[in-house]
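Spelled out from the first residue to the last, the chains are:
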Amino acid sequence: TELKMKKFAELYSPHFLPLVILQNDAVASMLKCEFYYKKSKSRDLIILTGDTQSINPEGHYEICDKILDFCEKLGVKEIITLGGFAEGKEVVEPRIIGAVNDRKLLKKFGSYGIDFGKEHPIGTIVGASGLLLGLGRAHDMDAVCLMGETFGLPLITDPKAADRVLHVLVKVLGVKVDMSKLENTITEMEERIEKTHKIHKK
């Protein structure tokens, strides 16, 4: 939204949950992934967003292959996937945990303050964020995964971790993004969490 990108493609799959999302006006929409495009001075960007991921392992592979085939036809050479790294405990200052699909990329991305396992070894990356990384090599695409360190509570977003990831991402991409809305969301979320702590202490 901040980059005013244009949507140019959608992806649907029988491996998504069998449901529709009802908007405020009661209009139903299918679960889908969306591709957005923007031309910039440093590079052309394609951003993929999604309502959901596959509900089964086979679907994960099929969907990621379709995404990579499509991106290969568009001339994509580098992939950056985003995600969260669950710590299971409160994280005051989230780090950015990273992984790459080629050792040569460690040097390229090493100057952005990303932790590539020296202080925090990574075991696995589940889902599309990891599979696009691994399968990207077969499509001759460099790939890096950026994960914001977070508590890992189910169904609750972590805007502070997202903020840290986005600050690294905009540096890597060489674009400018207004972060003020996200900063306000972080403040609101922290206030809600503080109120929840007080309630549980009573």
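As the structure is a computational prediction, the values presented were derived from the model and not from experiment.

A.B. asks: Help me understand the sheet that holds strand β8 (residues 142–150) in this model?
C.D. replies: Note: strands within a sheet are paired through backbone hydrogen bonds, in either parallel or antiparallel orientation. One open sheet accounts for three strands, arranged β6-β8-β7; its pairing is mixed. Two strands close off the open sheet at either side, each with one partner strand: β6 (78–86) and β7 (96–100). Adjacent strand axes in the sheet meet at a mean angle of 20° when their direction is disregarded. One ladder, built from nine bridges, connects β6 with β8; its direction is parallel. Following the sheet pairing, G83 is matched in β8 by M147.

A.B. asks: Even after reading the chapter, I still don't get the sheet that holds strand β4 (residues 33–39), so can you show me in this structure?
C.D. replies: Spatial strand order, β1-β4-β5: three strands in an open sheet with antiparallel pairing. For this open sheet the edge positions go to β1 (6–11) and β5 (44–50), each flanked by a neighbour on one side alone. Each neighbouring strand pair of the sheet contributes to a mean axis angle of 25°, computed without reference to strand direction. Sheet strands in contact with helix α1 (residues 57–73) are β1, β4 and β5, and its direction is about 140° off that of β1.

A.B. asks: What am I meant to see in a negative patch on the surface here?
C.D. replies: A surface patch of negative charge is lined by E62, D65, D69 and E72. Its relative accessible area of 31% is what places D65 among the partly exposed residues.

Parameters at a glance
Residues numbered from 1 in each chain as written. Predicted model: local features only at pLDDT ≥ 70, side-chain atom pairs only at ≥ 80, totals over all residues. Heavy atoms only, no water. Pairing = 2+ DSSP bridges. Helix = DSSP H or I, 4+ residues; strand = E, 2+ residues; numbered from the N terminus. Axes fitted to C-alpha atoms, helices over the stretch in contact; angles between N-to-C directions. Contact = heavy atoms within 4.5 Å. Patch = residues over 30% accessible without salt bridge, like charges linked within 9 Å, V, L, I, M, F, W, Y side chains within 5 Å. Areas by Shrake-Rupley, 256 points an atom, 1.4 Å probe, with all protein chains shown as cover. Salt bridge = Lys/Arg side-chain N within 4 Å of Asp/Glu carboxyl O. Lys, Arg positive; Asp, Glu negative; His and termini not counted. Charge placed at Lys NZ, Arg CZ, Asp CG, Glu CD. Buried < 20%, exposed > 50% of the residue type's maximum accessible area, 1.4 Å probe, protein only.

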